[in-house]
Amino acid sequence: GAVVSQHPSWVICKSGTSVKIECRSLDFQATTMFWYRQFPKQSLMLMATSNEGSKATYEQGVEKDKFLINHASLTLSTLTVTSAHPEDSSFYICSASVNSGLHSEQYFGPGTRLTVT
Amino acid sequence: QKEVEQDPGPLSVPEGAIVSLNCTYSNSAFQYFMWYRQYSRKGPELLMYTYSSGNKEDGRFTAQVDKSSKYISLFIRDSQPSDSATYLCAMSQNSGYSTLTFGKGTMLLVSP
């Protein structure tokens, strides 16, 4: 159980275009979903937190107009990188939070590798 | 000082060795501690989840938390080549709103 999928797994786009990444919880309903970015040999950096039906909460330094997050249902969240630039090339990972008794656990998707040319 | 410090490695061991992975942290408010395993170009996989100080064992894996020293460890017994991956520690202050703070990860290489 607790499987999270992401689509696409790998995408190449031209500078100035927009890219949408989907994150789905396949066998559970996620109260909260998180979006992370990971550069090579670096740790995961939280970009934003989203709850179904409400606006995402962005971490300091993350441009909300550039990284659009939509959390339309308890099983789907999307991240759109608008007007992508080469510096946006990174590994984007989502996670979904599951309440397990007294605590919540995060389960991660397989990640999406974005390359902007 | 970063909130969570973790030696990036790589840590190379022969098959069958006992592996010790560690993280230190500075925020005494952290109460929940996790270890994730991440294979190359994949998302992290939750291995162990512990609350407060103490030990937790799951198969070949043992997680230890020493809150007084702000030090956590993951031990892997009888290491296998399939254990070769990057191991990330993560921690949070509370359970309901699980904002995690990650270490940079330690790359482990287990040779046959």
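Once a new chain begins, its residue numbering starts again from 1 and follows that chain's sequence as written. All chains are assigned letters beginning with A, and all ligands numbers beginning with 1, in the order in which they are written. The predicted nature of this model means local features are confined to residues of pLDDT at least 70 and side-chain atom pairs, given and counted, to a pLDDT of 80 or more, with totals for whole chains, interfaces and linings taken over all residues. Only hydrogens and water are removed before side-chain values are computed, so all heavy atoms of the structure are retained for them.

Another aspect to go through is the overall build of chain A. Helix and strand counts for chain A come out as zero helices and eleven strands. Moving toward the C terminus, one meets the helices and strands of chain A in the order β-β-β-β-β-β-β-β-β-β-β. To get the radius of gyration, use the C-alpha atoms; to get the globule rule, take the number of residues to the power 0.38 and multiply by 2.2 Å. Its C-alpha atoms give chain A a radius of gyration of 14 Å, within 12% of the compact-globule value 13 Å for 117 residues. Projected onto the principal axes, the alpha-carbon positions of chain A cover approximately 45 × 25 × 25 Å. Three labels apply to residues, based on accessible area from a 1.4 Å probe with only protein chains included: buried if under 20% of the type maximum, exposed if over 50%, partly exposed otherwise in between. Looking at chain A as a whole, 50% of its 117 residues qualify as buried. By definition in these notes, contact holds between two residues if any of their heavy atoms fall within 4.5 Å. Here the contacts in chain A between residues at least 6 apart in sequence split such that 54% fall between residues at least 24 apart. Using a 1.4 Å probe, accessible areas were evaluated by the Shrake-Rupley method; residue-level cover was limited to the displayed protein chains. Approximately 5700 Å² of chain A is accessible, and the part contributed by carbon and sulfur atoms is 53%. Both charge centroids of chain A, one from 9 positive and one from 9 negative side chains, sit 7 Å from each other. The secondary structure listing takes helices from DSSP runs of H or I that are at least 4 residues long and strands from runs of E that are at least 2 residues long, numbered from the N terminus. As used throughout, the charge tally considers Lys and Arg to be positive and Asp and Glu to be negative, leaving His and the chain termini uncounted. The atoms used to mark charge sites are NZ of Lys, CZ of Arg, CG of Asp and CD of Glu.

Residue P8 of chain A follows H7 of chain A across a cis peptide bond; omega there is 0°. For the bond from G9 of chain B to P10 of chain B, the omega torsion is 10°, close enough to zero to count as cis. The topology assignment puts P10 of chain B in the loop between strand 1 (4-5) and strand 2 (11-14). Its identity as a non-glycine residue notwithstanding, S52 of chain B has a phi of 60°, on the positive side. Residue S52 of chain B is classed as partly exposed on the basis of its relative accessible area, which comes to 23%.

Bringing the interface of chain B and chain A into the picture now. Interfaces are often described in size by the accessible area the parts lose on coming together. Counting residues at the interface gives 19 residues for chain B, matched by 22 residues for chain A. Accessible area that two parts lose when put together, evaluated with a 1.4 Å probe and summed over both, is termed the buried area. When chain B packs against chain A, the two sides together hide about 1600 Å² of surface, and 56% of this comes from carbon and sulfur. Salt bridge criterion: a side-chain nitrogen from Lys or Arg within 4 Å of a carboxyl oxygen from Asp or Glu. Viewed at the interface, chain A and chain B are joined by zero salt bridges. Mapped onto the side of chain B that touches chain A, the elements with two or more residues apiece are strand 4 (32-38) and strand 5 (45-51) of chain B. Of the residues forming the side of chain B that touches chain A, the biggest block, three residues, is contributed by strand 4 of chain B. The nonpolar class holds Ala, Val, Leu, Ile, Met, Phe, Trp, Tyr, Cys and Pro. Asp, Glu, Lys and Arg form the charged class, and all remaining residues, Gly among them, are polar. For the side of chain B that touches chain A, the class distribution of residues is nine nonpolar, seven polar and three charged.

All names here are of chain B. Strands qualify as paired when DSSP identifies two bridges or more between them. Across the sheet, five strands lie side by side as 1-3-8-7-6; this open sheet has antiparallel pairing. At either margin of the open sheet sits one strand with a lone partner, and together these are strand 1 and strand 6 (54-58). As defined by bridge partners, strand 7 (residues 61-66) adjoins strand 8 (residues 71-76) across six bridges and the pair is classed as antiparallel. Paired with V65 across the bridge in strand 8 is I72.

A separate point is the layout of surface pockets. Roughly 620 Å³ of volume is contained in the largest pocket. What lines the largest pocket is a set of 26 residues, among which P40, K41 and Q42 of chain A together with T86 and M107 of chain B lie closest to the centre. Every element with two or more residues in the lining of the largest pocket is listed here: strand 9 (90-100) and strand 11 (112-116) of chain A together with strand 9 (85-92) and strand 11 (106-111) of chain B. Top element by residues in the lining of the largest pocket is strand 11 of chain B. It accounts for four residues. Here the lining of the largest pocket is built from residues that sort into eleven nonpolar, eleven polar and four charged. Method remark: on a 1 Å grid restricted to protein atoms, a set of points is classed as a cavity if a 1.4 Å probe fits but cannot get out and as a pocket if it is open with protein on both sides within 12 Å along at least five of seven lines; lining residues have an atom within 4 Å of a point. Grid points are joined across faces, edges and corners, and a volume is the space filled by probe spheres set on the points. When its volume is computed, the second largest pocket comes out at roughly 450 Å³. Contributing to the lining of the second largest pocket are 19 residues, with L44 and M45 of chain A together with E3, T101 and F102 of chain B lying nearest its centre. If one sorts the elements of the lining of the second largest pocket by residue count, strand 5 (residues 44-51) of chain A sits on top with three residues. Tallied by class, the residues present in the lining of the second largest pocket amount to eight nonpolar, six polar and five charged.

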